[in-house]
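This is what each chain is made of:
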Amino acid sequence: METTQQAGEPGAAERRRRELLEAADRVVLRDGPKASMNAIAAEAGITKPILYRHFGDKAGLYQALAVRHTDALLDSLRAALDAPAERRSRVESTLDTYLTAIEARPQVYRFLMHPTEDSHAAERGFDVGLHSAPLLRRLGEELAQVIGERVDLGPGGERLARIWGHGIVGMMHAAGDWWLGERPCERAELVTGLTDLLWGRLATAGNRLDGPGF
């Protein structure tokens, strides 16, 4: 059982918080959006009031987990963007890094991005649907900064970088969510298709002879 003296030791609270987040991760990997404070407290071997002491409430714990996973994802995306390769290869690698991350830990992804579909479980779990938009906005702003720092967009470039950053993240998230749920193709095919779209293939593709045009 955690004691007041232990919590007051230098660095003890930070270490304990990290241990609790690791316990929460294990529950999320098992339960996805249905993860509850009761289950996380049990996994950590503590009572729920102690969990509240560290995170305040469910939203506080969710936010801490979201920051933990978003930070890790952003580190991976930056590494892909900064790799010594030509531009298209780096874009493909960045898209693949994102898709690989959600494929490797789908329960974590669903916990961060989807509310539970079970109304009874929702009373025990996290209303994560209210919190997913800020995560996507953060990714969009981060990508906008990368674009703005690396690409000469001329007058109004900062605004255009933000338009592109949020647009690309929206595309990446929507396509990844659809792909993770239905698995209609191999990951590599999705990466190539999205990169083709970003590379202007839509603008250069001819209209179908039997279609209304685009």
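Residues numbered from 1 in each chain as written. Predicted model: local features only at pLDDT ≥ 70, side-chain atom pairs only at ≥ 80, totals over all residues. Heavy atoms only, no water.

*Asks:* Is there a simple way to explain the overall build of the protein in this structure?
*Replies:* In terms of regular secondary structure, the protein is built from 12 helices and zero strands. Starting at the N terminus and ending at the C terminus, the protein contains elements arranged as α-α-α-α-α-α-α-α-α-α-α-α. For the protein, with 214 residues in total, the buried portion stands at 38%. Sequence separation of 24 or more characterises 64% of the internal contacts of the protein that already satisfy a separation of 6 or more. (Helix = DSSP H or I, 4+ residues; strand = E, 2+ residues; numbered from the N terminus. Buried < 20%, exposed > 50% of the residue type's maximum accessible area, 1.4 Å probe, protein only. Contact = heavy atoms within 4.5 Å.)

*Asks:* Which parts of the structure should I look at to understand the layout of surface pockets?
*Replies:* Over the atoms a probe the size of a water molecule is rolled, and this reveals where empty space is left. Taken as a whole, the largest pocket encloses approximately 720 Å³ of empty space. Together, 24 residues line the largest pocket, and Leu81, Val91, Leu143, Ile147 and Ile168 are the ones closest to its centre. Secondary structure elements with two or more residues in the lining of the largest pocket: α5 (58–81), α6 (87–104), α9 (132–150) and α10 (157–182). Across the lining of the largest pocket, the residue classes break down as 17 nonpolar, two polar and five charged. Of the volumes computed, that of the second largest pocket is approximately 330 Å³. Within the residue set of the lining of the second largest pocket, elements represented by two or more residues are α5, α6, α7 (106–113) and α9. When residues of the lining of the second largest pocket are assigned to their parent elements, the largest contribution, five residues, is made by α5. Residue composition of the lining of the second largest pocket, by class: 12 nonpolar, three polar and one charged. (1 Å grid on protein atoms, 1.4 Å probe; cavity = no way out; pocket = protein on both sides within 12 Å on 5 of 7 lines; lining within 4 Å. Points joined across faces, edges and corners; volume = space filled by probe spheres on them. Nonpolar A, V, L, I, M, F, W, Y, C, P; charged D, E, K, R; others polar.)

*Asks:* Help me understand the pattern of salt bridges in this model?
*Replies:* Once their charged atoms are close, side chains differing in charge can pair, the charge on each being opposite to the other. By the definition in use, this model includes 16 salt bridges. Residues Arg68 and Asp25 are paired through a salt bridge, measuring 2.9 Å at the closest nitrogen-oxygen approach. Of this pair, Arg68 sits in helix α5 while Asp25 sits in helix α2 (residues 12–31); the two residues are 43 residues apart in sequence, bridging distant segments of the chain. With relative accessibility at 30%, the residue Arg68 sits in the partly exposed group. One network of salt bridges, with partners in common, ties together Arg26, Arg30, Asp31 and Glu43. (Salt bridge = Lys/Arg side-chain N within 4 Å of Asp/Glu carboxyl O.)

*Asks:* Explanation requested: the confidence of the model for the protein in the structure shown.
*Replies:* Predicted coordinates in areas of low pLDDT are best not read in detail. When the pLDDT values of the protein are averaged, the result is 84; 86% of them are 70 or greater. At the low end of the mean pLDDT range in the protein sits helix α8 (residues 119–124), at 44; at the high end sits helix α11 (residues 187–198), at 96. Scored below 50 in pLDDT, residues 3–8 shows five contacts in the model against residues more than four places distant or in partner chains. Confidence drops under pLDDT 50 across residues 119–125; counting only partners more than four residues distant or on other chains, this segment forms 12 contacts. (pLDDT = per-residue confidence, 0-100.)

*Asks:* Help me understand helix α3 (residues 37–44) in this model?
*Replies:* Three- or four-residue spacings in an α-helix give side chains the same orientation, since the helix completes a turn every 3.6 residues. All of the buried residues along α3 are Met37, Ala39, Ile40, Ala41 and Ala44. Looking at the residues trailing α3, positive phi occurs at Gly45, about 75°.

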